[in-house]
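# Structural features, examined
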Amino acid sequence: MAHFFVHLALMVAHAFVTVPKTHDGLEQLLAQAHAAVARHPEALAPRLRRAALYRQHEEWELAALDLQAAINISGADDPVVMLGQAELHLAQGRAAEAVPVLLQLLTKDNMSLVAHDRLGRGYAQLKQWPHCIEHLSAVVQQHPEPGPQHYIALSDAHRSAEDLEKAMDVLTRARGKFGPLLPLEDRLAELESRVGRHAKAIERITHVMDDAPRKEFWLARRADLREAAGQLPLAHIDRLRTLRLIDQQQIQNGQSEATERLRETLQDAIQKAQVPTDASHIELDLPSTQKGVGELGPQNPTE
């Protein structure tokens with residue numbers, strides 16, 4: 001029984017370990033991992049921890065060496081070792097090698113949930129959407145407390161399978177459970193736009209923008225939705241206003257890399273846009289972008 005709980009703890013730690021995705025702090029994390037391995041060379045957990053660090057930073061050969069050491073310690077059929085091998089394959093884009101290992105994990109005690117999750121990822125890499133949807137659906141059904149990310153992954157799989165109505169249905173269920181979270185609203189608006197429900201999509205993003213402390217990204221998002229709806233003058237106006245907001249933010253807070261990329265994208269779109277020559281003058285006559293009555297100009301999403 002003690003052996004079981006040790007392995008369960010290791011599975012949880014390994015499955016949900018999070019380390020920085022950049023190389024910031026890597027030396028310190030690896031130094032700690034090296035010290036742990038040196039102190040306990042025959043222990044499984046330090047090897048898996050270091051393998052996860054190497055994997056996150058794409059040090060494939062070093063990760064594989066630690067996983068081989070883990071096999072020597074605990075055996076190739078140890079569930080947490082199998083999971084480590086499968087995750088290394090997935091990280092390398094070798095889903096065809098990961099899937100058979102993960103299918104074996106489904107039969108292991110207390111591993112089905114994490115196996116379904118990784119199988120969803122693996123089949124997504126292989127673009128086998130029915131299998132992907134099957135396993136991601138199992139995650140939502142079996143997880144004691146599925147989070148927004150689980151619904152989003154399932155919705156994205158339906159979208160990739162070109163079942164946009166089902167993708168929206170999954171997000172709507174998540175919205176009912178978690179409320180109008182920004183990632184849910186953004187994806188719902190995108191899908192509504194793709195199926196031709198442009199007014200609904202524009203209205204949704206307008207509501208998000210009304211409550212957002214930083215409006216420039218959502219205003220740019222609404223411009224894209226308006227362009228997709230054929231509302232080219234209004235899209236042009238939204239982009240001009242976004243540039244104005246970016247300039248105001250730069251004066252107050254300095255420029256960030258994200259807003260600089262957004263500026264470049266907006267300027268490119270404005271240059272390519274086919275809009276009436278008087279659209280820029282119309283923009284100057286519309287209400288202010290400040291909070292209050294008439295915020296951000298026309299609020300009727302169909303105009």
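Heads up: the structure comes first, above all this text.
These lines cover the structure that appears in this document, whether it is placed above or below. (Residues numbered from 1 in each chain as written. Predicted model: local features only at pLDDT ≥ 70, side-chain atom pairs only at ≥ 80, totals over all residues. Heavy atoms only, no water.)

## Side note on helix H9 (residues 148-160)
Condition: Comment: elements are numbered from the N terminus, with helices defined as DSSP H or I runs of at least four residues and strands as E runs of at least two. Take the number of residues in a helix, subtract one, and multiply by 1.5 Å to get its expected span. Burial classes: relative accessible area under 20% of the type maximum marks a residue as buried, over 50% as exposed, and values in between as partly exposed (1.4 Å probe, protein chains only). Note on definitions: a residue-residue contact is assigned when non-hydrogen atoms from the two residues lie within 4.5 Å.
In this model H9 runs 18 Å from its N-terminal to its C-terminal C-alpha over 13 residues, within 8% of the 18 Å that 1.5 Å per residue would give. Within H9, the full set of buried residues consists of His150, Tyr151, Ile152, Leu154, Ser155, Ala157 and His158. Buried residues belonging to H9 abut helix H8 (129-142), helix H10 (164-178) and helix H11 (182-194).

## Some remarks on the side chain of Asp66
Let me state the cut-off plainly: In protein, a polar contact requires one atom able to donate a hydrogen and another able to accept it; more generally it is a pair of N or O atoms within 3.5 Å, and residues adjacent in sequence count only if both atoms are side-chain atoms.
Of note, Asp66 is situated in helix H4 (residues 60-74). The exposure class assigned to Asp66 is buried, which follows from its relative accessible area of 3%. One polar contact links Asp66 to Arg47, side chain to side chain, over a distance of 3.3 Å. Once you skip the residues sitting within four places of it in the chain, Asp66 turns out to touch Arg47, Arg50, Ala51 and Tyr54.

## Notes on the packing of aromatic side chains
Worth spelling out the cut-off: What counts as a ring pair is set by centres within 6.5 Å for rings of Phe, Tyr and Trp (its six-membered ring), and what kind of pair is set by the plane angle: stacked under 30 degrees, edge-to-face over 60, tilted for all other angles.
Applying the stated criterion across every chain, the model contains 1 aromatic pair. A centroid spacing of 5.9 Å and a plane angle of 70° characterise the contact between Tyr151 and Phe178, whose relative ring orientation is edge-to-face. Residue Tyr151 is located in helix H9, and its partner Phe178 is located in helix H10; the two are separated by 27 residues in the primary sequence.

## Regarding helix H2 (residues 26-39)
We count it as follows: Of all possible arcs, the one meant is that of the directions from the helix axis to the C-beta atoms.
Relative to the 20 Å expected for 14 residues at 1.5 Å per residue, H2 spans 20 Å between its end C-alpha atoms, a close match to the ideal helical length. Of all the residues in H2, the buried ones are Leu26, Leu29, Leu30, Ala33, Ala36 and Val37. Looking straight down H2, one finds that the buried residues subtend no more than 120° of arc, so they occupy a single side. Among the exposed residues of H2, those oriented more than 90 degrees off its buried face are Glu27, Gln28, Ala38 and Arg39.

## Observations regarding the nonpolar core
So the rule is basically this: Throughout this description, the term nonpolar core refers to a set of buried Ala, Val, Leu, Ile, Met, Phe, Trp, Tyr and Cys residues connected via side-chain atoms within 4.5 Å.
Ranked by size, the top nonpolar core spans 33 residues in total, and within it Leu102, Leu105, Cys132, Leu154, Leu171 and Leu191 carry the most contacts. Looking at this core, the elements that each hand over two or more residues are helix H5 (79-91), helix H6 (95-105), helix H7 (112-125), H8, H9, H10 and H11. With 16 residues, the next largest nonpolar core counts Leu44, Ala51, Leu53 and Leu67 among its residues.

## Some words on the pattern of salt bridges
Stated precisely, the cut-off is as follows: Think of a salt bridge as a Lys or Arg side-chain nitrogen and an Asp or Glu carboxyl oxygen that are within 4 Å of each other.
Across all of its chains, the model carries 26 salt bridges by this definition. Note that Arg118 is salt-bridged to Glu87, the shortest N-O span being 2.8 Å. Highlighted residues: Arg118 in helix H7 and Glu87 in helix H5, separated in sequence by 31 residues. With respect to class, Arg118 is no different from Glu87; both count as buried.

## Some details on the side chain of Arg222
You can see Arg222 is positioned in helix H13 (residues 216-228). Of the polar contacts made by the side chain of Arg222, one reaches the side chain of Asp238; its length is 2.9 Å.

## What to know about unusual backbone geometry
Here Lys127, not a glycine, exhibits a phi torsion of approximately 60°, which is positive. Topologically, Lys127 is positioned in the loop between H7 and H8. At Glu162, a residue that is not glycine, the phi angle is positive and equals roughly 65°. Among the secondary structure elements, Glu162 is positioned in the loop between H9 and H10.

## What about the packing of H5 against H6?
How two helices pack is summed up by the angle between their axes together with the distance between the axes. Condition: Every angle, taken between N-to-C directions, lies between 0 and 180 degrees, and every axis is a line fitted to C-alpha atoms, over only the stretch in contact when it is a helix. Orientation labels follow simple angle bins: below 35 degrees gives roughly parallel, above 145 gives roughly antiparallel, 65 to 115 gives roughly perpendicular, and whatever is left gives oblique. Here a crossing is called left-handed whenever its near helix is offset anticlockwise from the far helix by less than a right angle, and right-handed whenever the offset is clockwise. Amino acids are sorted into nonpolar (Ala, Val, Leu, Ile, Met, Phe, Trp, Tyr, Cys and Pro), charged (Asp, Glu, Lys and Arg) and polar (every other residue, Gly among them).
Between H5 and H6, the least distance of the axes is 8 Å, while the angle of their chain directions is 155°. Here H6 runs roughly antiparallel to H5, going by the angle between their axes. Taken as a pair, H5 and H6 cross one another with a handedness that is left-handed. Where H5 abuts H6, its residues Pro79, Met82, Leu83, Ala86, His89 and Leu90 lie against Ala95, Glu97, Ala98, Val101, Leu102, Gln104 and Leu105. Considering only residue class, the contact of H5 with H6 consists of 10 nonpolar, 2 polar and 1 charged.

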